[in-house]
Amino acid sequence: EGVTQLDEVVLEAYKMTEERQKTADLAGKPDVVIDGKKIQEKEKDWSFGLYSVLMFNFPDDIRIQRDIQKPGGDLQAKVIGGGGTTILMMDGKVVNNLNYPLIPNIPPSEVKSIEIIRFAKHFNRLYQQAYPFVSPMEIPPTGDVISIYTHGKQGIFGAQKPKGILRTSIKGYSPQKEFYQPNYANKER
């Protein structure tokens, strides 16, 4: 009696790291956050890298397609439901478009999270960093950002799986050890 019962309250946390703060300052807050553990869970034996996992498991947010304008066209990531053109950021830094072919083969185990920012703020400045030789008249008015965060925090060139290091946890058991305890009930021993 006399107590007001409240409905359930669900709190969702978003840890603002230094890299995420850089991205938020440059492009805005993310619309979608995909956790790296979720990406690793979706990885199959036949997966060939980050883009293959994204292509088959997150089609509502990201479309992976081949660039048909170039011979042997590279894979490109495009945000679904956004402003059209998509640029990529890694660990808080804009990735130069010449390095885009390196991203599809990043091991999913090295990805901490992926954030999708639709209609990014300051897009023209970000686009000029990604495409430094573009004419200012060719910059699209709106666009999106896919921001990838890695465990190494070293950007595009530090996102390779280190040799000789396995990132896993091993489940096992340890048998209980028995220690010798003298029996003091018998004083003759």
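Residues numbered from 1 in each chain as written. Predicted model: local features only at pLDDT ≥ 70, side-chain atom pairs only at ≥ 80, totals over all residues. Heavy atoms only, no water.

Draft legend 1. Fine view of the nonpolar core. If you look at the biggest cluster of nonpolar residues, it comprises 39 residues, and the most contacted ones within it are Ile 103 and Ile 114. Not counting residues within four places of it along the chain, the set of residues in contact with Ile 103 comprises Leu 50, Tyr 51, Leu 88, Val 95, Ile 148 and Ile 156. (Core = buried A, V, L, I, M, F, W, Y, C linked by side-chain atoms within 4.5 Å. Buried < 20%, exposed > 50% of the residue type's maximum accessible area, 1.4 Å probe, protein only. Contact = heavy atoms within 4.5 Å.)

Draft legend 2. Seen up close, the pattern of salt bridges. What the rule picks out here adds up to two salt bridges. For Arg 20, the salt bridge identified is with Glu 115, shortest N-O distance 2.8 Å. Of this pair, Arg 20 sits in helix 1 (residues 18-27) while Glu 115 is found in strand 6 (residues 111-117), placing the two residues 95 residues apart along the sequence. Residue classification places Glu 115 among the buried positions, given a relative accessible area of 1%. In this structure, the salt-bridge partner of Asp 61 is Arg 118, at a minimum N-O distance of 3.5 Å. Taken as a pair, Asp 61 in the loop between helix 3 (50-57) and strand 2 (62-66) and Arg 118 in the loop between strand 6 and helix 4 (123-130) lie far apart in primary sequence, 57 residues in all. (Salt bridge = Lys/Arg side-chain N within 4 Å of Asp/Glu carboxyl O. Helix = DSSP H or I, 4+ residues; strand = E, 2+ residues; numbered from the N terminus.)

Draft legend 3. Region of the structure containing the layout of surface pockets. The computed volume of the largest pocket comes to approximately 420 Å³. Along the walls of the largest pocket sit 18 residues, with Asp 67, Gln 76, Thr 86, Tyr 100 and Tyr 131 positioned nearest its centre. Of all elements in the fold, only strand 3 (75-79) and strand 4 (85-90) reach the threshold of two or more residues within the lining of the largest pocket. Looking at which element gives the most residues to the lining of the largest pocket, the answer is strand 3, with four residues. Classifying every residue of the lining of the largest pocket gives eight nonpolar, six polar and four charged. (1 Å grid on protein atoms, 1.4 Å probe; cavity = no way out; pocket = protein on both sides within 12 Å on 5 of 7 lines; lining within 4 Å. Points joined across faces, edges and corners; volume = space filled by probe spheres on them. Nonpolar A, V, L, I, M, F, W, Y, C, P; charged D, E, K, R; others polar.)

Draft legend 4. Representation of the packing of aromatic side chains within the structure. Summed over all chains, the structure comprises four aromatic pairs. Plain terms: the ring middles of Tyr 100 and Tyr 131 are 6.3 Å apart, the flat faces sit at 80 degrees to each other, and that makes the pair edge-to-face. You can see Tyr 100 sitting in the loop between strand 5 (93-94) and strand 6 and its partner Tyr 131 sitting in the loop between helix 4 and strand 7 (143-150), a full 31 residues away along the chain. With relative accessibility at 14%, the residue Tyr 100 sits in the buried group. Taking the centre distance of 4.6 Å and the plane angle of 25 degrees together, the rings of Tyr 127 and Tyr 131 count as stacked. Residue classification places Tyr 127 among the buried positions, given a relative accessible area of 11%. We classify Tyr 131 as partly exposed; its relative accessible area is 22%. Among the aromatic side chains, those forming a connected cluster through ring pairs are Tyr 100, Phe 123, Tyr 127 and Tyr 131. The cationic tip of Arg 20 hangs over the ring face of Tyr 149; the distance from NZ or CZ to the ring centre is 5.6 Å. (Phe/Tyr/Trp six-rings, centres within 6.5 Å; stacked < 30°, edge-to-face > 60°. Lys NZ or Arg CZ within 6 Å of the ring centre and 35° of its normal.)

Draft legend 5. Structural detail: the sheet that holds strand 6. If you trace the five strands from one edge of the open sheet to the other, you get 1-6-7-4-5, paired in mixed fashion. The open sheet terminates on both sides in strands that have one partner only, identified here as strand 1 (32-35) and strand 5. Most of the contacts of helix 4 go to strand 4, to which it runs at about 70 degrees, and overall it touches strand 4, strand 5 and strand 7. (Pairing = 2+ DSSP bridges. Axes fitted to C-alpha atoms, helices over the stretch in contact; angles between N-to-C directions.)

Draft legend 6. The arrangement of the environment of Asp 61 in detail. Since its relative accessible area comes to 17%, Asp 61 is described here as buried. Residues Asp 61 and Val 79 lie 18 residues apart in sequence; the distance between their C-alpha atoms is 6.0 Å. With near-sequence residues (within four places) excluded, Asp 61 lies in contact with Val 32, Lys 78, Val 79, Ile 80, Ile 116 and Arg 118. Here Arg 118 takes part through its side chain, which lies 3.5 Å from a polar atom of the side chain of Asp 61. (Polar contact = N/O pair within 3.5 Å; in protein donor to acceptor, adjacent residues only side chain to side chain.)

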